Amino acid sequence: MQNKNLVVVGGSHGIGLGIVQQAMARGAEVTVVSRSSGQLAATAGIRHIIADVTDDEVDASALPESIDGFAYCPGSINLGPLRSVEAGRIRQDFELNVVGAVKWFQAVAPALRRSDGASAVFFSTVAVAQGMPMHTSVAAAKGAIEGLTRTWAAELSPQVRVNCVAPALTATPLSERFLETEEKRAAMASKYPLRRVGEIDDIAGTALFLLSEQSSWMTGQVLAVDGGMSSVRK
Ligand SMILES: NC(=O)c1ccc[n+]([C@@H]2O[C@H](COP(=O)([O-])OP(=O)(O)OC[C@H]3O[C@@H](n4cnc5c(N)ncnc54)[C@H](OP(=O)(O)O)[C@@H]3O)[C@@H](O)[C@H]2O)c1
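A brief report on the enclosed structure follows. Here, residues in each chain are numbered from 1, in the same order as that chain's written sequence. With pLDDT at 70 or above as the cut-off, local features in this predicted model cover only qualifying residues; side-chain atom pairs require 80 or more to be listed or tallied, and sums for whole chains, interfaces and linings still use all residues.

### Looking at the pairing of strand β1 (residues 5-9)
Looking along a regular strand, one sees side chains alternate from face to face of the sheet. Condition: A residue is called partly exposed when the number of other C-beta atoms within 10 Å of its own lies between 12 and 20, exposed at 12 or fewer, and buried at 20 or more, with C-beta atoms placed from the backbone. Each helix is a run of H or I in the DSSP string that is no shorter than four residues. Each strand is a run of E no shorter than two, and both are numbered from the N terminus. One bridge is not enough; two strands pair if DSSP finds at least two bridges between them. Note on handedness: a crossover is taken as right-handed if, strands pointing away from the viewer, the path from the first strand over the helix to the second is clockwise.
Within β1, five of the five residues are buried, which leaves it mostly tucked inside the rest of the structure. Where burial is concerned, the two faces of β1 agree: the one with Asn-5, Val-7 and Val-9 and the one with Leu-6 and Val-8 are both buried. Here β1 pairs with strand β2 (residues 29-34) via five bridges, running parallel. Note that in β2 the partner of Val-9 across the bridge is Val-33. Handedness of the crossover joining β1 and β2 through helix α1 (residues 14-25): right-handed.

### Notes on the site of the ligand
Rules: Any residue qualifies as near a molecule or strand once its backbone-derived C-beta atom lies within 6 Å of it. Amino acids are sorted into nonpolar (Ala, Val, Leu, Ile, Met, Phe, Trp, Tyr, Cys and Pro), charged (Asp, Glu, Lys and Arg) and polar (every other residue, Gly among them).
Taken together, 27 residues are adjacent to the ligand, and Gly-10, Gly-14, Arg-35, Gly-75 and Thr-172 come closest. No other element matches the three residues that α1 contributes to the shell around the ligand. In terms of residue class, the shell around the ligand is made up of ten nonpolar, 15 polar and two charged.

### What to know about α1
The condition that has to hold: By this rule, a helix spans an expected 1.5 Å times one less than how many residues it contains. Contact between two residues is assigned whenever their backbone-derived C-beta positions fall within 7 Å.
Between its first and last C-alpha atoms α1 spans 17 Å; for twelve residues at 1.5 Å apiece the expected length is 16 Å, and the two agree. Buried residues dominate α1, accounting for ten of its twelve residues. What α1 keeps buried is the set Gly-14, Ile-15, Gly-16, Leu-17, Gly-18, Ile-19, Val-20, Gln-21, Gln-22 and Ala-23. On its buried side, α1 packs onto β1, β2, β4 (69-72) and α6 (200-211). One or two positions beyond α1, positive phi appears at Gly-27, with a value near 90°.

### Overview of the sheet that holds β4
To keep things clear, this is the line we draw: Orientation is described by axes fitted as lines to C-alpha atoms, over the contacting stretch for helices, and by angles from 0 to 180 degrees between their N-to-C directions.
Reading across the sheet, the seven strands line up as β3-β2-β1-β4-β5-β6-β7 and stay open at both edges, with parallel pairing between neighbours. The sheet terminates laterally at β3 (47-50) and β7 (222-225), the two strands that pair on one side only. Averaged over neighbouring strand pairs, the angle between their axes works out to 20° when direction is ignored. Packing against the sheet, helix α2 (residues 87-114) makes contact with β1, β4, β5 (118-123) and β6 (160-167), and its axis sits at approximately 175° to β4.

### What to know about α6
Over its twelve residues, α6 runs 16 Å from end to end, which matches the ideal 16 Å to within 8%, given 1.5 Å per residue. Across the twelve residues of α6, nine count as buried, placing the element largely inside the fold. Among the residues of α6, Ile-200, Asp-202, Ile-203, Ala-204, Thr-206, Ala-207, Leu-208, Leu-210 and Leu-211 are the ones counted as buried. Considering only its buried residues, α6 is in contact with β1, α1, β4, β5, β6 and β7.

### Quick notes on unusual backbone geometry
Glycine aside, the phi torsion of most residues is negative, and most peptide linkages are trans. Here Ser-157 and Pro-158 are connected by a cis peptide whose omega angle stands at 5°. One can find Pro-158 in the loop between α4 (136-156) and β6. Positioned with a positive phi, Asn-3 is a non-glycine residue whose angle comes to about 65°. Of the residues examined, Asn-3 has 8 C-beta atoms within 10 Å and is grouped as exposed. Of note, the phi angle at Arg-195 is positive, near 60°, even though the residue is not glycine. In this fold, Arg-195 is placed in the loop between α5 (182-189) and α6.

### Some words on the packing of α2 against α4
Here is the rule we go by: Roughly parallel covers angles under 35 degrees, roughly antiparallel covers those over 145, roughly perpendicular covers 65 to 115, and oblique covers all other angles. Whether a crossing is left-handed or right-handed is set by the direction in which the near helix is turned from the far one by less than a right angle, anticlockwise for left-handed and clockwise for right-handed.
Across the interface, α2 lies against α4 with an axial gap of 8 Å and an inter-helix angle of 20°. With respect to α4, the element α2 is oriented roughly parallel. Crossing hand, α2 versus α4: right-handed. Mapping the contact onto sequence places Arg-89, Ile-90, Asp-93, Phe-94, Asn-97, Val-98, Ala-101, Phe-105 and Ala-109 in α2 and Ser-137, Ala-140, Ala-141, Lys-142, Ala-144, Ile-145, Leu-148, Trp-152 and Leu-156 in α4. Looking at the contact of α2 with α4 residue by residue, the class counts come to 13 nonpolar, two polar and three charged.

The structure is reproduced here in structure tokens:
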């Protein structure tokens, strides 16, 4: 990744920040797009663009002319039974997870095409491959992302590879409420064949693999990084 230009939308904390840190350690030039600087202050040498992905306009003027890697990380975990799902909530989740991804990918696609071997990564969830109660809004939004991953992989090949990571519960600011006590963490961990929840580096490492040349013959894939939850029964 030495001297490669990487753009991470949602790189100010959580999995996105993990991608930023791993990419910088490998010599990448990183641009982060997010609403706040979050935990970026501790990471020197990053270009930060303040933007809200739910805004209608995308200003790509400050992005590099040629982009080698792109990750779109904003997402939500809004759970609730079918009977109480509100249309407004589904629309909000769709704006953040899907419409934002479409707008930002449109904005960076010309710069990705200028790179020799560009790669883009999006995020789904285990709750698409594995049906789970209470996940109507999440499954709707992330199911769309999995479809878009394959669509964009087809449309932009061979210049740009497009893949997706589907994590299960991972310790980040987004999932804090599910893991805030030792009891909750242990209860969650016990649901996984590998008997723990995910850590940021588990997911960021897979995203980095997909962004790197090590995965240069992969496109249109959804990689489950979920402690075995989607495919293994104990
Ligand atoms: N954590 C999990 O358990 C889990 C499980 C399955 C799937 N995922 C998926 O993995 C991805 C990363 O999750 P995460 O846990 O790392 O999330 P996170 O901790 O909430 O981090 C999200 C990042 O996106 C940015 N962001 C959020 N809303 C934004 C907006 N409107 N405009 C611009 N930036 C925005 C945040 O920065 P600012 O707040 O500074 O804007 C932050 O940098 C998401 O797509 C999520 O759905 C996570």
